[in-house]
Amino acid sequence: EQSQARPTVIWLHFQECTGCTESLLRATHPAVETLILDLISLDYSETLMAAAGHQAEQALHESLEKNKGQFILVVEGSVPMRDGGIYCKIGRKTPQQLLHEIAPHAAAAVAIGSCASWGGVQSAAPNPTEAVGLQEALTREGIVKADGTVLPVINLPGCPASPYNLLSTVLYYLTLKKLPEVDAKGRPTFAYGRLIHDNCERRPHFDAARFAEQFGDEGHRQGWCLYKLGCKGPETYANCPAIEFGDVGANTWPVGIGHPCFGCAEQGVGFHKALHEQS
Ligand code: SF4
Ligand code: SF4
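Here the structure is a predicted model, which is why all the values come from computation and not from measurement.

**So, the pairing of strand β3 (residues 71–76)**
Right, so step 1: Among the six residues of β3, six are classified as buried, and the element is accordingly described as predominantly covered.
Right, so step 2: Judged by which residues are buried, β3 turns out to be covered on both faces: Phe71, Leu73 and Val75 on one side and Ile72, Val74 and Glu76 on the other are all buried.
Right, so step 3: Pairing of strand β1 (residues 8–13) with β3, which is carried by five bridges, proceeds in the parallel orientation. Looking at the pairing, Val9 lines up with Ile72 of β3.
Right, so step 4: Summarising the sheet, β3 and strand β5 (residues 106–112) pair through six bridges and their orientation is parallel.

Spelled out as structure tokens, the structure:
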């Protein structure tokens with residue numbers, strides 16, 4: 001029966017803007033409806049499920065009972081560690097409580113977006129809620145699988161994360177029954193194995209020292225390299241130049257449309273670095 005073949009996904013939202021889900025909604029190959037109706041069984045997602053309130057919580061508990069040790073847990077958003085996590089509550093529970101309840105029974109977890117990967121915008125100095133990413137929260141809370149083994153966490157940073165990196169991770173798991181290879185930061189190497197700068201269509205301009213100096217100047221109009229406008233492509237590992245972003249036409253990724261990469265997918269680079277350097 002098809003429904004038995006579809007892996008269950010439980011998707012939790014913590015401190016975030018829902019941009020990662022919004023981005024997934026705009027994916028077209030496959031479209032999100034194919035993903036959630038044919039390929040996976042999305043049993044719980046506060047944004048996408050039809051149920052609300054007690055009905056939604058009931059769906060979560062029924063799914064947990066039925067799929068112990070077998071479902072994929074997707075987390076969107078950071079976990080507030082200060083004061084027991086009271087700054088984010090869902091169904092009267094803090095993210096820590098939900099993770100203690102749900103994570104030990106997952107087969108694997110996916111942290112979607114920079115918030116869930118390493119804290120994101122909410123962790124900006126002075127980080128009032130002590131926001132951290134999923135892996136850090138699991139480590140600090142001592143949460144492991146029910147059988148005592150470590151819960152594997154795949155990080156898919158990006159703000160928002162590219163929906164195709166989530167789709168590819170889920171489809172990889174579906175097809176090969178294992179998780180993709182990851183780098184030292186827990187990111188799949190198929191998506192985060194190469195520098196933006198090494199794949200960028202403006203690289204010949206960089207190599208020939210042809211730079212845009214200001215937005216709207218002649219170099220900018222000619223499509224020259226954006227390094228002098230602050231491009232973080234030389235420090236950021238992600239596949240944006242290869243798969244682009246947004247599905248609305250050719251060259252639809254930041255550098256392709258004339259904006260420097262600001263390193264949203266990289267820890268400690270660009271805007272994340274700036275956020276943490278504030279006093
Ligand atoms: Fe929103 Fe960015 Fe966080 Fe995704 S990573 S939920 S887009 S703030
Ligand atoms: Fe590198 Fe950015 Fe220039 Fe592209 S635009 S070549 S990523 S510095």
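Next, the rest of the story.
**A short note on the site of ligand 2**
Right, so step 1: Of all residues adjacent to ligand 2, which total 13 residues, the nearest are His197, Cys200, Cys225, Leu226 and Cys231.
Right, so step 2: The cavity that encloses ligand 2 is the largest cavity.
Right, so step 3: Secondary-structure elements contributing two or more residues to the shell around ligand 2 are α10 (196–199) and α11 (203–207).
Right, so step 4: Classifying every residue of the shell around ligand 2 gives nine nonpolar, two polar and two charged.

**Considerations on the nonpolar core**
Right, so step 1: Grouped together as the largest cluster of nonpolar side chains are 37 residues, with contacts concentrated most on Trp11, Leu24, Val74, Val110, Ile112, Leu166 and Val255.
Right, so step 2: Mapped onto this core, the elements with two or more residues apiece are β1, α2 (19–25), α3 (32–39), β3, β5, β7 (153–156), α8 (163–176) and α9 (189–192).
Right, so step 3: Counting residues per element, this core draws most heavily on α8, which supplies six residues.
Right, so step 4: Residue-level mapping places this core at the junction of two domains, with at least three residues from each of domain 1 (2–190) and domain 2 (196–277).
Right, so step 5: Beyond its immediate sequence surroundings of up to four residues, Trp11 is in contact with Thr21, Leu24, Leu42, Tyr44, Ser45, Glu46, Val74, Glu76, Ile112 and Leu166.
Right, so step 6: If you look at the next biggest cluster of nonpolar residues, it comprises 30 residues, including Leu12, Met49, Leu64 and Ala106.

**With respect to the site of ligand 1**
Right, so step 1: Close contacts around ligand 1 come from Glu16, Cys17, Thr18, Gly19, Cys20, Glu76, Gly113, Ser114, Cys115, Gly158, Cys159 and Pro160, and that covers them all.
Right, so step 2: Those elements that provide at least two residues to the shell around ligand 1 are α2 and α6 (113–118).
Right, so step 3: Sort the elements by how many residues they give to the shell around ligand 1 and α6 lands first, with three residues.
Right, so step 4: Residue composition of the shell around ligand 1, by class: five nonpolar, five polar and two charged.

**A short note on unusual backbone geometry**
Right, so step 1: In this model, Ala125 is joined to Pro126 through a cis peptide bond whose omega is 10°.
Right, so step 2: Note that Pro126 resides in the loop between α6 and β6 (131–132).
Right, so step 3: Here the residue pair Cys159 and Pro160 is connected by a cis peptide bond, since its omega of 5° sits within 30 degrees of zero.
Right, so step 4: With respect to the element layout, Pro160 can be found in the loop between β7 and α8.

**What about the packing of helix α5 (residues 95–102) against helix α7 (residues 134–141)?**
Right, so step 1: α7 packs onto α5 with a crossing angle of 80° between their chain directions and a minimal axis gap of 11 Å. Between α5 and α7, the angle falls in the class roughly perpendicular. In contact with Gln96, Leu99 and His100 of α5, α7 contributes Leu134, Ala137, Leu138 and Glu141.
Right, so step 2: Grouping the amino acids of the contact of α5 with α7 by side-chain chemistry returns four nonpolar, two polar and one charged.

**Quick look at the pairing of β1**
Right, so step 1: Of all six residues in β1, six are buried; the element is thus mostly enclosed.
Right, so step 2: In β1, alternate side chains face the same way, and those of Thr8, Ile10 and Leu12 on one face and Val9, Trp11 and His13 on the other are all buried.
Right, so step 3: Taken together, the four bridges between β1 and strand β2 (residues 41–45) define a ladder with parallel strand orientation. Looking at the pairing, Thr8 lines up with Ser41 of β2.

Basis of the calculations
Residues numbered from 1 in each chain as written. Chains lettered and ligands numbered in written order. Predicted model: local features only at pLDDT ≥ 70, side-chain atom pairs only at ≥ 80, totals over all residues. Heavy atoms only, no water. Buried < 20%, exposed > 50% of the residue type's maximum accessible area, 1.4 Å probe, protein only. Helix = DSSP H or I, 4+ residues; strand = E, 2+ residues; numbered from the N terminus. Pairing = 2+ DSSP bridges. Near = heavy atom within 4 Å. 1 Å grid on protein atoms, 1.4 Å probe; cavity = no way out; pocket = protein on both sides within 12 Å on 5 of 7 lines; lining within 4 Å. Sits in = over half its atoms within 2 Å of the grid points. Nonpolar A, V, L, I, M, F, W, Y, C, P; charged D, E, K, R; others polar. Core = buried A, V, L, I, M, F, W, Y, C linked by side-chain atoms within 4.5 Å. Domains from an automatic or database assignment. Contact = heavy atoms within 4.5 Å. Axes fitted to C-alpha atoms, helices over the stretch in contact; angles between N-to-C directions. Parallel < 35°, antiparallel > 145°, perpendicular 65-115°, else oblique.

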